[in-house]
Amino acid sequence: VQLQASGGGLVQPGGSLRLSCAASGSIFSINAMGWYRQAPGKQRELVAAVTSGGSTNYADSVKGRFTISRDNAKNTVYLQMNSLKPEDTAVYYCNADITRRLGRIKGDYWGQGTLVTVSS
């Protein structure tokens with residue numbers, strides 16, 4: 001099972017970016033999916049998460065600006081980021097709670113990280 005993230009880049013303050021993360025492999029089911037970020041010198045923090053049923057939660061710092069969504073048919077989670085601020089600069093990691101087909105083994109998986117830089 002792998003998670004492949006994409007969509008990071010350089011954007012000016014006030015701009016938008018959309019991150020995507022697709023899960024692939026021998027997947028039986030995917031429970032919660034989410035995005036974390038880690039800025040230089042800081043701990044990794046939860047940005048947003050979405051359950052298999054569509055319930056969402058967000059860090060206070062991104063509420064009203066970021067939107068998480070998922071396409072269960074594509075095993076993909078998205079993060080739409082609007083009104084970006086310099087303090088949003090970080091490496092963004094996707095995360096998913098996945099049950100594998102073989103043995104119905106449940107595990108916590110991480111994508112490789114994608115850099116988002118907000119700067120003028």
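Structural notes on the overall build of the chain
Next up, step 1: Regarding its fold elements, the chain presents zero helices and eleven strands.
Next up, step 2: Helices (α) and strands (β) of the chain occur, in sequence order from the N terminus, as β-β-β-β-β-β-β-β-β-β-β.
Next up, step 3: Relative to its length of 120 residues, the chain is compact, with a C-alpha radius of gyration of 14 Å against a globular reference of 14 Å.
Next up, step 4: Overall, the C-alpha framework of the chain stretches about 50 × 25 × 25 Å when taken along its three principal axes.
Next up, step 5: Here the chain holds 120 residues, and 41% of them are scored as buried.

Overview of the state of the cysteines
Linking two cysteines covalently via their sulfur atoms produces the bond known as a disulfide.
Next up, step 1: Within the structure shown, the criterion is met by one disulfide.
Next up, step 2: Each sulfur of the disulfide joining cysteine 21 and cysteine 94 lies 2.1 Å from the other. Between cysteine 21 and cysteine 94, the disulfide has an S-S torsion of 55 degrees and is therefore right-handed. Here the residue cysteine 21 occupies a position in strand β3 (residues 17–24), and cysteine 94 occupies one in strand β9 (residues 90–100), the gap between them amounting to 73 residues. Of the two residues examined, cysteine 21 and cysteine 94, each falls in the buried class.

Points about the pairing of strand β8 (residues 76–81)
Next up, step 1: With five of six residues buried, β8 lies mostly within the body of the structure.
Next up, step 2: Bridge count for strand β7 (residues 66–71) against β8 is six bridges, and the pairing is antiparallel. The residue bridging phenylalanine 66 from the neighbouring strand is methionine 81, located in β8.
Next up, step 3: Here β7 hands over to β8 after four residues, with asparagine 75 in that stretch at a positive phi of 50 degrees.

Re the sheet that holds β3
Where strands meet in a sheet, backbone hydrogen bonds hold them as pairs that are either parallel or antiparallel.
Next up, step 1: The four strands lie next to each other as β1-β3-β8-β7, forming an open sheet whose pairing is antiparallel. Taken across any chain shown, the strands that pair with only one partner, and hence form the sheet edges, are β1 (2–6) and β7. Between one strand axis and the next, the sheet turns through 15 degrees on average, direction left out of account.

With respect to the environment of threonine 99
Next up, step 1: Along the chain, the position of threonine 99 falls in strand β9.
Next up, step 2: Among the residues examined, threonine 99 registers a relative accessible area of 10% and is labelled buried.
Next up, step 3: The sequence separation of threonine 99 and serine 29 amounts to 70 residues, and the corresponding C-alpha distance is 5.2 Å.
Next up, step 4: Excluding anything up to four places from it in sequence, threonine 99 contacts Ile27, Phe28, Ser29, Asn31, Arg104, Ile105 and Lys106.

Some words on the packing of aromatic side chains
Next up, step 1: Applying the stated rule across the entire model yields one aromatic pair.
Next up, step 2: Here the guanidinium or amino end of arginine 44 rests over the ring plane of tyrosine 93, the centre of that ring lying 3.8 Å away.
Next up, step 3: When the ring centre of tryptophan 110 is taken as origin, the NZ or CZ atom of arginine 44, which lies over that ring, is 4.7 Å away.

Digging into the nonpolar core
The tendency in soluble globular proteins is for nonpolar side chains to be buried as a group.
Next up, step 1: Trp35, Leu79, Met81 and Tyr92 are the most contacted members of the largest nonpolar core, which totals 31 residues.
Next up, step 2: The set of elements that each furnish at least two residues to this core consists of β1, β3, β4 (27–38), β5 (45–50), β7, β8, β9 and β11 (114–118).
Next up, step 3: Here this core takes five residues from β9, the largest share from any one element.
Next up, step 4: If near-sequence neighbours (up to four positions away) are discounted, tyrosine 92 is found in contact with Leu19, Trp35, Tyr36, Arg37, Val47, Phe66, Leu79, Met81, Gly113, Thr114 and Val116.

So, how was this worked out
Residues numbered from 1 in each chain as written. Predicted model: local features only at pLDDT ≥ 70, side-chain atom pairs only at ≥ 80, totals over all residues. Heavy atoms only, no water. Helix = DSSP H or I, 4+ residues; strand = E, 2+ residues; numbered from the N terminus. Rg over C-alpha atoms; globule rule 2.2 N^0.38 Å. Buried < 20%, exposed > 50% of the residue type's maximum accessible area, 1.4 Å probe, protein only. Disulfide = S-S within 2.5 Å. Pairing = 2+ DSSP bridges. Axes fitted to C-alpha atoms, helices over the stretch in contact; angles between N-to-C directions. Contact = heavy atoms within 4.5 Å. Phe/Tyr/Trp six-rings, centres within 6.5 Å; stacked < 30°, edge-to-face > 60°. Lys NZ or Arg CZ within 6 Å of the ring centre and 35° of its normal. Core = buried A, V, L, I, M, F, W, Y, C linked by side-chain atoms within 4.5 Å.

Interpretation in functional terms is not warranted from these geometric data alone.
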